[in-house]
Amino acid sequence: QVQLVESGGGLVQAGGSLRLSCAASGRSFSSYSMGWFRQAPGKEREFVAAISWSGGSLYRVGSVNGRFTISRDNAKNTVYLQMNSLKPEDTAVYYCAADVNSGLRLSQRDEYEYWGLGTQVTVST
């Protein structure tokens, strides 16, 4: 069983920055691939970014690439999402997810076995 706890969300003005953190339980964190997803009101949960167990990263094409950066600190069992140049359309609940089987489909929701409860990000105009 893996528990994930997100933090770092909040209210920020357009153009601002936030850094989300996701702390994971378990002794094998370094072998997990980790992902960030987001869900805006009335919309489906969508992929934002992922980082594999080996450190390779993947980003949602277009809307976040170049503004968001995913990273991990295996010593702290934590994955981060640095979000810069935030836009109102980035407003959503952001969820952290863990893929303990190190699959290859890291942009797909069903690749992940464990999910956090989410943290709200609100970007005002």
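Below or above, wherever it landed, is the structure these notes cover. (Residues numbered from 1 in each chain as written. Predicted model: local features only at pLDDT ≥ 70, side-chain atom pairs only at ≥ 80, totals over all residues. Heavy atoms only, no water.)

### With respect to the packing of aromatic side chains
Then comes step 1: The full count for this structure, using the stated rule, is 5 aromatic pairs.
Then comes step 2: An angle of 75 degrees between the planes, with centres 6.3 Å apart, marks the rings of F29 and Y32 as edge-to-face.
Then comes step 3: Look at F37 and F47: their rings are 5.6 Å apart centre to centre, the planes differ by 70 degrees, and that puts the pair in the edge-to-face class. Taken as a pair, F37 in strand β4 (residues 33-39) and F47 in strand β5 (residues 46-51) lie far apart in primary sequence, 10 residues in all.
Then comes step 4: Above the plane of the ring of Y95 lies R45, whose end atom (NZ or CZ) is 3.6 Å from the centre.
Then comes step 5: In this structure, R72 is placed above the aromatic ring of F29, and the distance from its NZ or CZ to the ring centre is 4.7 Å. (Phe/Tyr/Trp six-rings, centres within 6.5 Å; stacked < 30°, edge-to-face > 60°. Helix = DSSP H or I, 4+ residues; strand = E, 2+ residues; numbered from the N terminus. Lys NZ or Arg CZ within 6 Å of the ring centre and 35° of its normal.)

### Focus on the sheet that holds strand β3 (residues 18-24)
Then comes step 1: What the 4 strands build is an open sheet, ordered β1-β3-β8-β7; its pairing is antiparallel. Of all strands in the sheet, those bounded by a partner on one side alone are β1 (4-7) and β7 (68-73). Sheet twist, expressed as the average angle between the axes of neighbouring strands with direction ignored, equals 15 degrees.
Then comes step 2: Sheet topology places β1 next to β3; 4 bridges connect them, and they run antiparallel. If you follow S7 over to β3, its bridge partner there is S21. (Pairing = 2+ DSSP bridges. Axes fitted to C-alpha atoms, helices over the stretch in contact; angles between N-to-C directions.)

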